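# Architecture at a glance
Letter by letter, the chains look like this.
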Amino acid sequence: MTTQRKAGLGRRSTLKLGVAGALAAPFLSQRAHAAGSVNVGVILPLSGANAQFGINARNGIQLAADQINAAGGIKSLGGAKINLIVADSTSTPTTAVNVAQRLLTQNDVVAILGAFVSTLTIAISEVTERRGIPLLTMSFADQITGRGFENIFQVVAKASVIGKAQFDDTLAIAAASGQKLERIAIMYEDTAYGTSQAGGLRTGAKNAGVQVVMDEAYPLGITDITPLINKLRSSGAQAVFPVSYLNDSLLIIRAMRQQGITIPAIGGAAGYVIPDFAKGLGEYAEGVLSINLSNYDLAPNLTKAFSDRFGYFMVHEALEHAVCMSVLAQAIENAKSTEPDKLRAALHAGKFTNGWCAAMTGGAVQFDSTGLNTLSVPVMVQWRNNELVTVWPADVAKAKPVWKS
Amino acid sequence: MKPALKYALIALALAVAVAVPFGLEPRGYATRILCLVLLFAAMAQAWNIVGGLANQMSLGHAAFFGIGAYGSTILLVKYGISPWLGLLPGMAAGGVAAWLISLPTMRLRGHYFALATLAFGEVMRLVANTWGGLTGGPSGISVPFSKPGLAVFQFKDMRPYYFLMLAALLVVTAIFAGIRHSKLGYRLRAIRENPSAAEAIGVDTTRTKIIAAVVSGALMAGLGTFYAQFQFFFDPDTVFSIPAISVRVAMIAIVGGVGTTIGPIVGALFLIPIEELANQTFSDQAAGLSQLVFGLLLIVVILAEPRGLLEIGRRLWRWRGRT
């Protein structure tokens, strides 16, 4: 009996020790708050399905922060350096909120940048809003700036605006080549990004009196694309608008071209505007159009630093995250403080023109009361020889669009 | 162990659990992680009723979790019904769903049951994703921001959540322990040891398993409401997630010690902080390293002792006793 009782006790105390250790470890504060530095939180999906986009975005932020530090840091704070605290949100909103809470509690970050995926950004914003800390993002689901939050700042246009631009720009490009679009096809993945952008496309088509002859959602990660392509062929559409991430975009375009469907394809950013698209499709990529939130050829003098350092062209999520970093640095400079209230006021008040802001359409960043950058206009890009060339709107275009009806 | 000692230990553990948050910053990160530990312990405990007592490896418990989360949140958003009231229809829906899915699947054994439940969770995700008018579709659903308070189940600080999660864990654990020591519990264990023998001595195996599944599903749905009010925003991919909910709750129970009363609690106390620690230590290094390290740790634990951490603790003690 005695040994049994002792065994019971010991088992528990051993367990308790282990548990206490495991519990305490993550909370031992990691305050690396060096004098004269400003901690900036970066939350991105660095593992899981969106890891590549997360890594691109992190590279963009890293580049911008290094440039700011090399140029003498935040001058109004005595040359304080930007100190990035990078955290992996994975693909799970619960984890994204955990890391946001951690950066705020333990690292005293003055603002958070991220998190590429709209659902992650929305989840994080529930924390930053309650804590009054600015969240700068390039996620663009309509809800992000549609909830009346005061601490969120979105440097690009909204999803519904992007979807509408994807349609309107296409109509204009077709018209400029002498074709009147009458029948279009929409296919989109059934995610937040796919459905909200498809909504914008539908609105655009309705307003222009264009018939949507095919309107199909498909599950993310679809493996057999043939039924969709067959439907597209028999629909008689003059152009197709696929909205998808990389793998699906490769499947769709490859299947279309292999089956000899040559109608123009106008992608919805994401999978259509990254180097892997051209790598995966080779000659089939040539001439594919896509809407984009910004493009590297609009500011080659800035984006060259990225391709020199990382070996691929500066994809839009990298560019826009660099813009987030740049805007934040300028706001801290103007506020002469990292105090949340002053920083928020500076973000709302300023028109940011320096640094990476010049790479955005409109050449600057300015937020309205909802935190939306009012100057950002989506652009249409086209694949030419493994490069993305801005072809619309005409006033910023680097080349004329090629439209083969 | 003598009952007196056992109760003393339980009382001590409770006292520690109640005292802990007062030593931590109330709005902070540590309290949030502890909330998740308690929530996931409760979820794993609810799973344990089916997975542990009846040995039916469900990999679809996210279905009930999501039903509860959506149930109360939809009632709140559309009709302004307090989540405390919404909790009940959510739990009822979770129980009914568990009953419906159990009717055909509880006749399956082993891998087939696991696969069937896995598919059910995925079907629920697709339903929520497609039925946009009701659920908000893939864009997700937000709990409306309101003035914090107990009545609306919203708090500014983490501390009230901590105590609610603790209460939830205690309730679920009490139900689990109650079932375990009841006639139902003995029937379930008879089924676990040998279904054919159980049937031969007159246990209605299918009915017994269905009762366990309904209780488990309803509790899981109730915890879904807790999650919704804690996280404020979710989408179908989050609450019906296979890796983040279904597999994780099973994993917590298995790593802790499946079928035991404190196994899920030990599992959650171990897994949730370890995952955070891995994330915190490695996520600013190579991308994805944190998840890799976490995965490797899990593999090591299960290779070392497939019966879980409780068993490792026992073995450690025996080994120490010998030297």
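Residues numbered from 1 in each chain as written. Chains lettered and ligands numbered in written order. Predicted model: local features only at pLDDT ≥ 70, side-chain atom pairs only at ≥ 80, totals over all residues. Heavy atoms only, no water.

### Let's talk about the domain arrangement of chain A
All names here are of chain A. Assigned domains of chain A: these are domain 1 (37–157 + 298–366) and domain 2 (160–292 + 379–392). The gap between the C-alpha centroids of domain 1 and domain 2 is 29 Å. Contacts between domain 1 and domain 2 engage 14 residues on the former and 18 residues on the latter. Roughly 1,300 Å² is buried in total at the junction of domain 1 and domain 2, and carbon and sulfur atoms are behind 75% of that figure. Per-residue buried area on domain 1 facing domain 2 is highest for F53, F313 and H316; these three make up 39% of the total on that side. Here domain 1 is connected to domain 2 by one residue pair in polar contact (both at pLDDT 80 or more). At the level of elements, α2 (51–70) and α12 (316–335) are the ones that each hand at least two residues to the side of domain 1 that touches domain 2. Its residues assigned to classes, the side of domain 1 that touches domain 2 shows eight nonpolar, four polar and two charged. (Domains from an automatic or database assignment. Contact = heavy atoms within 4.5 Å. Buried area = accessible area lost by both parts, 1.4 Å probe. Polar contact = N/O pair within 3.5 Å; in protein donor to acceptor, adjacent residues only side chain to side chain. Helix = DSSP H or I, 4+ residues; strand = E, 2+ residues; numbered from the N terminus. Nonpolar A, V, L, I, M, F, W, Y, C, P; charged D, E, K, R; others polar.)

### Here we look at a nonpolar patch on the surface
Residues and elements named next belong to chain B. A contiguous nonpolar patch, built from Y7, I10, L14 and L170 and spanning about 380 Å² of accessible area, is present on the exposed surface. For the nonpolar patch, the element with the most residues is helix α1 (residues 3–19), which contributes three residues. Turning to its location among the elements, L170 is positioned in helix α7 (residues 159–180). (Patch = residues over 30% accessible without salt bridge, like charges linked within 9 Å, V, L, I, M, F, W, Y side chains within 5 Å. Areas by Shrake-Rupley, 256 points an atom, 1.4 Å probe, with all protein chains shown as cover. Salt bridge = Lys/Arg side-chain N within 4 Å of Asp/Glu carboxyl O.)

### Points about the packing of helix α13 (residues 263–282) of chain B against helix α14 (residues 289–304) of chain B
All names here are of chain B. Where α13 meets α14, the closest approach of the two axes is 8 Å, and the angle between their N-to-C directions is 145 degrees. Handedness of the α13/α14 crossing: right-handed. On the side of α13, the interface is formed by F270, L271, I274, E275, A278, N279 and F282, while α14 contributes L289, S290, Q291, V293, F294, L297, L298 and V301. Here the residues of the contact of α13 with α14 are counted per class, giving 11 nonpolar, three polar and one charged. (Axes fitted to C-alpha atoms, helices over the stretch in contact; angles between N-to-C directions. Left-handed = near helix turned anticlockwise from the far one by under 90°.)

### Let's talk about the environment of L84(A)
Residue and element names in this part refer to chain A. Position of L84 relative to the elements: it lies in strand β2 (residues 81–88). Classification of L84 by relative accessible area gives buried; the value is 17%. Through-space distance from the C-alpha of L84 to that of V40 is 5.0 Å; in sequence the pair is 44 residues apart. Excluding anything up to four places from it in sequence, L84 contacts V40, V42, I61, Q62, A65 and M325. (Buried < 20%, exposed > 50% of the residue type's maximum accessible area, 1.4 Å probe, protein only.)

### Details of the state of the cysteines
Residues and elements named next belong to chain A. For the structure on display, the rule yields zero disulfides over all chains. Left without a disulfide partner, C324 is nearest to the cysteine sulfur of C357, which lies 9.4 Å away. For C324, a relative accessible area of 0% gives the class buried. (Disulfide = S-S within 2.5 Å.)

### Side note on the packing of aromatic side chains
Residues and elements named next belong to chain A. Counted by the stated rule, this structure contains 24 aromatic pairs over all chains. With centroids separated by 6.1 Å and ring planes inclined at 35 degrees, the aromatic side chains of F167 and F241 adopt a geometry described as tilted. Of this pair, F167 sits in helix α6 (residues 159–176) while F241 sits in strand β8 (residues 239–243), and the two are 74 residues apart along the sequence. A relative accessible area of 0% means that F167 is categorised as buried. Residue F241 is classed as buried on the basis of its relative accessible area, which comes to 0%. (Phe/Tyr/Trp six-rings, centres within 6.5 Å; stacked < 30°, edge-to-face > 60°.)

### Details of the sheet that holds strand β9 (residues 266–268) of chain A
Residue and element names in this part refer to chain A. Reading across from one edge, β9-β10-β13-β14 is the order of the four strands in this open sheet, with mixed pairing throughout. Since the sheet does not close on itself, it has two edges, and those belong to β9 and β14 (387–392), each with one partner. Within this sheet the neighbouring strands show an average axis-to-axis angle of 35 degrees, counted without direction. Pairing geometry for β9 and strand β10 (residues 289–292), over three bridges, is parallel. Among the inter-strand pairings, G268 is bridged to a residue of β10, identified as I291. (Pairing = 2+ DSSP bridges.)

### With respect to helix α8 (residues 183–193) of chain B
All names here are of chain B. Along α8, the residues that are buried comprise L184, G185, L188 and I191. Seen from one end, α8 has its buried residues packed into an arc of 120 degrees, which puts them on one side. Exposed residues pointing more than 90 degrees away from the buried face of α8 are listed as K183 and E193. Among the residues of α8, the N-terminal cap falls to S182, whose side-chain oxygen and the backbone nitrogen of L184 are separated by 3.2 Å. (Arc of directions from axis to C-beta.)

### With respect to the pairing of β2(A)
Residue and element names in this part refer to chain A. Counting buried residues along β2, six of its eight residues qualify, which places the element largely inside the surrounding structure. Alignment of strand β1 (residues 37–44) against β2, held across eight bridges, turns out to be parallel. Within the sheet, the bridge partner assigned to N39 lies in β2 and is N83. Regarding the hand of the β-α-β motif, the stretch spanning β1, α2 and β2 is right-handed. (Right-handed = clockwise from strand over helix to strand, strands pointing away.)

### Side note on the confidence of the model for chain A
Residues and elements named next belong to chain A. For chain A, the mean per-residue pLDDT works out to 87, and 91% of the residues sit at or above 70. The weakest mean pLDDT in chain A belongs to helix α1 (residues 2–24) at 46; the strongest belongs to strand β4 (residues 135–137) at 97. When the criterion is pLDDT under 50, residues 1–11 qualifies, and its contacts beyond four places in sequence or with other chains add up to nine contacts. Contacts for the low-pLDDT stretch residues 21–34, under 50 throughout, to residues beyond four places or in other chains number 26 contacts. (pLDDT = per-residue confidence, 0-100.)

### Focus: the side chain of R102(A)
Its place among the elements puts R102(A) in helix α3 (residues 93–106). Note on R102(A): relative accessible area 3%, which makes it buried. A polar side-chain atom of R102(A) sits 3.4 Å from a polar atom in the side chain of N279(B). For R102(A), the residues in contact, after removing those within four places along its chain, are A87(A), N107(A), Y29(B), E276(B), N279(B), Q280(B) and S283(B).

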